[in-house]
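Here's the letter readout for the chains.
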Amino acid sequence: MAGEVVSVGEDVRKWKAGDRVCANFATGHLHGPPTRDSIRTGLGGQTHGVLTEFRTFADNCLVSIPGHLSYEEASTLPCAALTAYNALHGPVPIKAGEHVLVLGTGDVSLHAIQFAVACGAIVIATSASDENLKVVGTVGAKHLINYNTHPNWEEEVLKFTNGEGVDHVIEVGSQALPKSIASVRPGGQVHLIGFTSNQSNDTGSLLNAIQVAVTLRGIQIGSVAQFFDMNKLIAAHPEIIGSIAKEARDVDSIVLSAVQNAVTLRGVQIGSVAQFIDMNKLISAHPESTRPLIDRVFPFEQAKDAYNYLALQAHVGRVIIKVASD
């Protein structure tokens, strides 16, 4: 959602009529990790959406639109763009020179490629379409893999990274999760964004991790430095450190693979207002390379046609409904 403030309440000081703003997707997620209450404020889900000419928002859920973006471009930011930003700038932020694997050419994937490149990372992108791969190549992806031509595409990823694996995976849909885990380096991050239908039992069991933005972290013993720190703790509290017998439990093969390689599987639940503000700083610093790709704009009167076009899954870039005329 992007629009113009037309009026403000008498106690509002931050905004004025004429300001160009976006509303955060979860209007109650202001900062920090999501909570069950903030998740319930998602627009178009648990609360009314934004396919309307006028809507009232609390002043603390709005952010200013970067000055170089149109309303159409800015409307892409609250959901897909912020999800991609949150994935790459979460607890383990992306660093220049790292490798990022982005699956598919959907909205989150396109934004992730742009943000990763803006941060100096090397992007590997996959798609079933050579035409779509050409598009992601134009926005900065360095290595392109058609997963129909290369069904064992995780092997190609390892080749591009000299056998090490990538640092981050933008895993959209989760149908390829075992291959994503095989593509990531030990200690790397797999960001889980959404599920498609007909999930296997293994991937389906991770659905709750995405819904509540839980992080599943595989632990591969530890380092010498951690060993020293642990011994300090043991020496300080000798009376409470002892052997703890643990009951063996069955685990999904995907989770087991993550544990064996110390991989973190992180569910991503859009992002907060604070992250939105930080994302806009990145966009403003790299105005052209992060400009959202728009496939088609529909007028408000053709909203149904827009949804039908979206369902065809033939678009590369965002499908926009322009509610107000100029």
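Here is what the cut-offs are and how they apply
Residues numbered from 1 in each chain as written. Predicted model: local features only at pLDDT ≥ 70, side-chain atom pairs only at ≥ 80, totals over all residues. Heavy atoms only, no water. Helix = DSSP H or I, 4+ residues; strand = E, 2+ residues; numbered from the N terminus. Buried < 20%, exposed > 50% of the residue type's maximum accessible area, 1.4 Å probe, protein only. Areas by Shrake-Rupley, 256 points an atom, 1.4 Å probe, with all protein chains shown as cover. Pairing = 2+ DSSP bridges. Axes fitted to C-alpha atoms, helices over the stretch in contact; angles between N-to-C directions. Contact = heavy atoms within 4.5 Å. Parallel < 35°, antiparallel > 145°, perpendicular 65-115°, else oblique. Nonpolar A, V, L, I, M, F, W, Y, C, P; charged D, E, K, R; others polar. Phe/Tyr/Trp six-rings, centres within 6.5 Å; stacked < 30°, edge-to-face > 60°. Salt bridge = Lys/Arg side-chain N within 4 Å of Asp/Glu carboxyl O.

1. Focus on the overall build of the protein
If you tally the helices and strands in the protein, you get 13 helices and 12 strands. When each of the 326 residues of the protein is scored for burial, the buried share is 40%. By element, 54% of the accessible surface of the protein is carried by carbon and sulfur atoms, the whole surface being about 17,300 Å².

2. Regarding the sheet that holds strand β2 (residues 20-23)
In any sheet, the strands associate via hydrogen bonds between backbone groups, in a parallel or an antiparallel arrangement. Read from one edge to the other, the open sheet built from 3 strands follows the order β1-β2-β3, with strand pairing classed as antiparallel. Every interior strand has two partners, whereas the edge strands, β1 (2-4) and β3 (62-64), have only one. Shown here is a sheet whose adjacent strand axes are inclined to one another by a mean of 40°, direction ignored. With 3 bridges connecting them, β2 and β3 associate as antiparallel partners.

3. Digging into the environment of lysine 142
Inspection of the secondary structure puts lysine 142 in the loop between α5 (130-138) and β6 (143-146). Overall, the relative accessible area of 57% leaves lysine 142 in the exposed class. For the pair lysine 142 and phenylalanine 160, spaced 18 residues apart in the sequence, the C-alpha separation amounts to 9.9 Å. Setting aside residues no more than four positions away along its own chain, lysine 142 makes contact with Ile122 and Val123.

4. Here we look at the packing of helix α3 (residues 77-88) against helix α12 (residues 273-285)
For the pair α3 and α12, the least separation of the axes is 10 Å and the interaxial angle reads 85°. Put simply, α3 runs roughly perpendicular to α12. For the pair formed by α3 and α12, the contact residues are Leu77, Pro78, Ala81, Leu82, Tyr85 and Asn86 on the first element and Gln275, Phe276, Asp278, Met279, Asn280, Leu282 and Ile283 on the second. Grouping the amino acids of the contact of α3 with α12 by side-chain chemistry returns 9 nonpolar, 3 polar and 1 charged.

5. Some thoughts on the environment of threonine 27
Mapped onto the fold, threonine 27 is located in the loop between β2 and α1 (36-39). When the C-alpha positions of threonine 27 and aspartate 59 are compared, they lie 9.8 Å apart, and in sequence the two are 32 residues distant. Not counting the four nearest positions on each side in its chain, threonine 27 is found in contact with Thr41, Leu43, Phe57 and Cys61.

6. Details of the packing of aromatic side chains
Applying the stated rule across the entire model yields 2 aromatic pairs. Ring centres of tyrosine 85 and phenylalanine 115 lie 6.1 Å apart, and the angle between their planes is 90°; this geometry places the pair in the edge-to-face category. Residue tyrosine 85 is located in helix α3, and its partner phenylalanine 115 is located in helix α4 (residues 107-118); the two are separated by 30 residues in the primary sequence. Per residue, the accessibility class of tyrosine 85 equals that of phenylalanine 115, and both read buried.

7. Examining the pattern of salt bridges
Pairing of side chains with opposite charge becomes possible as their charged atoms draw close. For the structure on display, the rule yields 11 salt bridges. Across the salt bridge formed by aspartate 37 and arginine 40, the nearest N and O atoms sit 2.4 Å from each other. For arginine 40, a relative accessible area of 46% gives the class partly exposed. The partner of glutamate 154 in a salt bridge is lysine 179, with the nearest N and O atoms 3.2 Å apart.

8. A look at unusual backbone geometry
The backbone of isoleucine 270 sits at a positive phi, close to 50°, despite the residue not being glycine. Along the chain, isoleucine 270 turns up in the loop between β10 (264-267) and α12. A positive phi angle is found at glutamine 313, which is not glycine, with a value near 55°.

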